[in-house]
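# Commentary on secondary and tertiary structure
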Amino acid sequence: MNIVVLLKQVPDTETKIRIGGDGKTIDTSDIKWIMNPYDEYAVEAALRLQESAGAKVTILSMGPERVVESIRTALAMGADQGVLVNDPGTEGSDALGKAKVLAAVLKNLEFDLVCCGHRAVDDDENQVGIMVAELLGIPHLGLAISVELGDGKIRIVRPIEGARVTLEGTLPALVTFGGAHAVWNPRYASLPGIMKAKKKPLETKTIADLGLSPDEVGMQAAKVKITAMELPAERQAGRVLEGETSDKAKELVRLLHEEAKVI
Amino acid sequence: MAEGVCVITEFREGSFRRISFEIASEGRRLADELGEPLVALALGESIGDLATDLGNYGVEKVYVLDAPSLKDYRAETYVPVAAEILSNLDPKVILIAASVDGKDFSARLAARLGAGLATDCTQLKVEGGSLKAKRPMYAGKAFAWYEWSDGSWPQMASCRPNVMDCLAPDTSKKAEVEKAKVEVAEGNQTQVVNIEKDAGGKLDLTEADIIVSGGRGMKGPENFAMLEELAKLIGAAVGASRSAVDSGWRPHADQVGQTGKVVTPNLYIACGISGAIQHLAGMSSSKYIVAVNKDPEAPIFSKVDYGVVEDLFKFLPVFIEEVKTLKSTC
Ligand SMILES: Cc1cc2nc3c(=O)[nH]c(=O)nc-3n(C[C@H](O)[C@H](O)[C@H](O)COP(=O)(O)OP(=O)(O)OC[C@H]3O[C@@H](n4cnc5c(N)ncnc54)[C@H](O)[C@@H]3O)c2cc1C
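Here is a short report on the structure shown in this document.

What counts as what
Residues numbered from 1 in each chain as written. Chains lettered and ligands numbered in written order. Predicted model: local features only at pLDDT ≥ 70, side-chain atom pairs only at ≥ 80, totals over all residues. Heavy atoms only, no water. Contact = heavy atoms within 4.5 Å. Buried area = accessible area lost by both parts, 1.4 Å probe. Salt bridge = Lys/Arg side-chain N within 4 Å of Asp/Glu carboxyl O. Near = heavy atom within 4 Å. Polar contact = N/O pair within 3.5 Å; in protein donor to acceptor, adjacent residues only side chain to side chain. Areas by Shrake-Rupley, 256 points an atom, 1.4 Å probe, with all protein chains shown as cover. Helix = DSSP H or I, 4+ residues; strand = E, 2+ residues; numbered from the N terminus. Nonpolar A, V, L, I, M, F, W, Y, C, P; charged D, E, K, R; others polar.

## With respect to the interface of chain A and chain B
Each partner contributes to the interface: chain A provides 81 residues, whereas chain B provides 89 residues. Interface area, chain A with chain B, both sides summed: about 7600 Å², of which 56% is carbon and sulfur. At the junction of chain A with chain B, the criterion picks out ten salt bridges. Between E161(A) and R17(B) there is a salt bridge, with the nearest N and O atoms lying 3.7 Å from each other.

This is the structure in structure tokens:
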């Protein structure tokens, strides 16, 4: 069984976002980069299947050289090998462009299951994974909070508003992962794991290697693009209520009822 | 030539979900700016005459796809038929819900149509006959404006629930209904095995008008009963910080923040939550924010409209009594 995990490197969630000089990207000058937390859940889920179903786990990512560090982290957690598409021609791709690149790699890999986070916590687009499934013509099962394999099928639980849906799909399939840290508790890389990871195979590819033409991806192929970014309006410093407990409680009820009119 | 706006509704268990009316209202506004028609695409089972009600929100015509295999959302059955109808219809703009299923549906549909998609938008406008969309990134730490390349139709956008203004329904207006003539497949790659409803018809955080949230300062799962009581009084949903979820006090679905739900209620009451950057990202766009925390230096206070510096175990019981008094008099 072969599992491929799509992994994106994103700014640390601690990052205070600043807009860059061009007004349409963020300032990345002193950002710490991490593995997208939802992709980390996908890696964890894949590694559990690696143990229970004897699967081989490949990490697939795209981006500049710095992304190697996040791939190595996944290898140190226990994944077997990595592939990075590192080509400046992919810059400025929209979600569909990114999906095309990843799908092109997958077409030349053996896989039964593709795993990835349901979204990356930088762009928050909720698109790339599902688009990859469409381009490959395989079913996708979205937002898994649990996953089970058996009889050539995959079963997930997917929370929707007010309910949980159990969905079953045939393989090959793509699963996107949701939930929270508490659901997946992704493992830490052990010291021996980190040592081993250094020797695991990591292949780098360019757009040309994938047989894609430069005008199929990147800025020129993008159907949507970001033309401006802005920071949310700073909230006005609010009022700290004074007095005895009962005074504060009365005043808060009054403010919410009469001023804010929300209760 | 691409023309008009098409909204894709969300129909579940015998009725349209509220977000459908929000996007119909938004679609009406955009269609008026374009000076073009507004139509809707409704997929589901047993939609019947309800489709005409979309007219209350300004929809002129509804293409209805009504089939047993469309009862529960599955990309496999929804995407091909929607893509076929939309290709024929050739709208300029497609709006869809950024609900759980809408996010899933829209991404696959956009890939099928080769369309550019902006997800989870909080503001839309028309400029020079083309859509511009504002959407949050980094869970709301920043916003980006999206534009579509020249001649790239359809322009697809999904709308965040609870953000777009819903028109007051005009019940005198009915939409024309046309049964769409496409073959709906049964689907053999994915099956819905089971749907388990949350106990007590729990309100989803992303759709709640008020959220009462608790963090590590709640000290234990049993103390959330206080927040549940308050929530019940004011019609709120209960949320949590990651610490409360990691401690096993609350289900993961209640987590608010950059790696949880991003919420925009009218009122967010944070109890015993310090206001870490990942938490603030998920709730800073709330209209009103209240915090109860015993530490006057807690970062959450930089975001609040009304702050209460006090032990929550002392304050909340008194506050709940005051709310009861208010509720009994109005
Ligand atoms: C990758 C990553 C992703 C993350 N994503 C999220 C996320 O999505 N959502 C999220 O919430 N966090 C997230 N975090 C965690 C975040 O960094 C904080 O650790 C977390 O939000 C803290 O939760 P808290 O405010 O409940 O706890 P604490 O920071 O411990 O704060 C507890 C607060 O309670 C107050 N308090 C204690 N006792 C009382 C009392 N009796 N009365 C009144 N006040 C009291 C204290 O003064 C304190 O301010 C993430 C972290 C990482 C690394």
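## Description of the site of the ligand
Around the ligand, the surrounding shell holds 27 residues, and the nearest of these are R216(B), S241(B), T259(B), S274(B) and N293(B). In this structure, the ligand is bordered by residues of chains A and B. Between K219(B) and the ligand, the recorded distance is 3.1 Å, taken from a side-chain N or O atom to a nitrogen atom. Note that a nitrogen atom of the ligand is positioned 2.9 Å from one of the backbone N or O atoms of L312(B). Compared with its free state, where it exposes 980 Å², the ligand has 80% of that area covered by protein. Counting residues per element, the ones that place at least two in the shell around the ligand are α5 (242-246), α6 (277-283) and α7 (312-329) of chain B. Broken down by class, the residue content of the shell around the ligand amounts to five nonpolar, 15 polar and seven charged.

## Here we look at the side chain of E207(B)
Among the secondary structure elements, E207(B) is positioned in the loop between β13 (190-197) and β14 (210-214). At a separation of 2.9 Å, a polar atom in the side chain of E207(B) contacts the side chain of R17(B). Dropping the residues within four chain positions of it, E207(B) is found in contact with E161(A), R17(B), R18(B), P161(B) and N162(B).

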